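Structure at a glance
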Amino acid sequence: MSAAQSQTTLLSKLEALQCHFTWGLDPSKTNFLRLRDMLVDIGTEEGTRWLGHIYNLRGFIQYKLGLTEDAQNFFNKAAEAFRQMRKADDGPWLAVNYGNLAWLHHHLGDQAESEAYLSKVEVLMKKYPSPSQDELHAEIYAEKAWTLVKFSADIELVSDYLQKAFRMQPDMVEWNTCDIIGISGFYEDCDTGMEADILEKMRVANEQDPENLLLAVYYLKRRAKKGERVEDEARELAEKVLRNPVSSFNGMKAILWVYRYYVSIDEAVDLAEKALEQHPDVRYLKRCAALTLKWKVFHSSPPKQSMVDRAISLHEEVISLYPDCSFVTKKDLASIYAKSNHTKAEQMYQELLKSDLGPADKQQLYNTYAKYLNYDRQDQNKSLKYHMKAAAIPHQSYFRGNSIEVLRKIKNTRWNPMWTEIQEFLENLQEP
């Protein structure tokens, strides 16, 4: 076989692998940086059930950012994490990891090492075959689903993968939990028929996986939305969250949202501050505390200057701790400045408007700036221009829907001088 034929054969084998390099994970650099920060905030506590998956994904992200040495280190950490978690030196859970390493060495030009990892995958698949040729192994379904959902993949496809995995290995309750949490988050607002089904699935999952506090908080929130009084249960759950290792997966942010709507904003602020007192150097908790202070500022009329100053200070610190993905925090900080310093608020908004943002972030910014122009600057016509900018971006989101709703109200009243322009705009608006 010639060298060219050998290379073609190797590439076809690599492309047939199930791993991060073949799953079509190719968002913008900004989204990779955000995802990297999110994975860092999950933490690497020894008991984290998804630690191998976390390291695999971090390795892939480092590769995409051009940091190949870091990538290999994370892939090696993933293999070791799987061995420790599964208490075995090999198993089907290593197939994705070996596939990643095969691709990495291929890109580094080390074809011999790439082929060695391809052989390891083949050995694993012979030793631990999938149920049929049309199906993947349960471990691969689970890791693929866990990964795809981080990239805003089709939630129904992700759910299908997780349920297939869970049916094959029903002892892996965390796979079912992951599915239920994803479904609950995606169908935040749904018809009553679906709501009853989701609630029942959450109840069963909560019984099967009682140690998962994130699931417990999501279940509590769902019940609260149905009208249950959950204040005491929320406080008990919050204490459990405080006792657990710090992680963005431990339910802290989720329980703060429950406090926000079903207990009180003041208690949410106190809870976030308490967590920060226990772990003063954890940036994720600073982010949570900043969020609750933003709520407090926006729901106080007027807010105390000391509270505004604390919110500004904490938001500025969070921006410095997340230098690569601080868009939302900067936008929130501009909104907080709008309560006391219009000059500074306008300066921040202008800086954000000039920055290089993706369509979703740009849409969110236009919608937020439109509200600022209307409520804080009383410039309705300019506000409507920015609502039109937000609506024109073909990305389905709350912010687009909100801007369209504002524009429709203006069109229907017909008293604004821009109503004919808005009517024409809405008639020609393309759906995403």
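Structure first, text after, so check above.
None of the values given here were measured: they were computed from a predicted structure.

Quick notes on the packing of aromatic side chains
- Using the criterion set out here, one finds 19 aromatic pairs in the structure.
- Residues Phe-32 and Phe-151 carry aromatic rings whose centres are separated by 6.2 Å and whose planes lie at 75° to one another, so their mutual orientation is edge-to-face. Residue Phe-32 is found in helix H2 (residues 29-42), and its partner Phe-151 is found in the loop between helix H7 (138-148) and helix H8 (155-168); the two are separated by 119 residues along the sequence.
- For Phe-32, a relative accessible area of 3% gives the class buried.
- The class for Phe-151 is buried, based on a relative accessible area of 18%.
- A centroid spacing of 4.7 Å and a plane angle of 65° characterise the contact between Trp-257 and Trp-295, whose relative ring orientation is edge-to-face. Here Trp-257, found in helix H13 (residues 252-262), pairs with Trp-295, found in helix H15 (residues 283-298); they are 38 residues apart in sequence, far enough to count as distant.
- By relative accessible area, Trp-257 is classed as partly exposed at 28%.
- Taken together through their ring pairs, the aromatic side chains of Phe-21, Phe-32, Phe-60, Tyr-63, Phe-75, Trp-103 and Phe-151 make up a single cluster.
- Geometry around Tyr-219 places Arg-223 over its ring, the cationic atom sitting 5.3 Å from the centre.
- Across from the ring centre of Tyr-386, 5.6 Å away, lies the NZ or CZ of Lys-389, which sits over that ring.

Some words on the pattern of salt bridges
- This structure, assessed with the given rule, holds 28 salt bridges.
- Asp-26 is paired through a salt bridge with Lys-64; the nearest N and O atoms lie 3.4 Å apart. Separated by 38 residues along the polypeptide, Asp-26 in the loop between helix H1 (3-15) and H2 and Lys-64 in helix H3 (residues 51-64) bring together distant segments of the chain.
- Its relative accessible area of 35% is what places Lys-64 among the partly exposed residues.
- Here Lys-331 makes a salt bridge to Asp-332, at a shortest N to O gap of 3.4 Å. There is no split in this pair, since Lys-331 and Asp-332 are both buried.

Definitions and limits used
Residues numbered from 1 in each chain as written. Predicted model: local features only at pLDDT ≥ 70, side-chain atom pairs only at ≥ 80, totals over all residues. Heavy atoms only, no water. Phe/Tyr/Trp six-rings, centres within 6.5 Å; stacked < 30°, edge-to-face > 60°. Helix = DSSP H or I, 4+ residues; strand = E, 2+ residues; numbered from the N terminus. Buried < 20%, exposed > 50% of the residue type's maximum accessible area, 1.4 Å probe, protein only. Lys NZ or Arg CZ within 6 Å of the ring centre and 35° of its normal. Salt bridge = Lys/Arg side-chain N within 4 Å of Asp/Glu carboxyl O.

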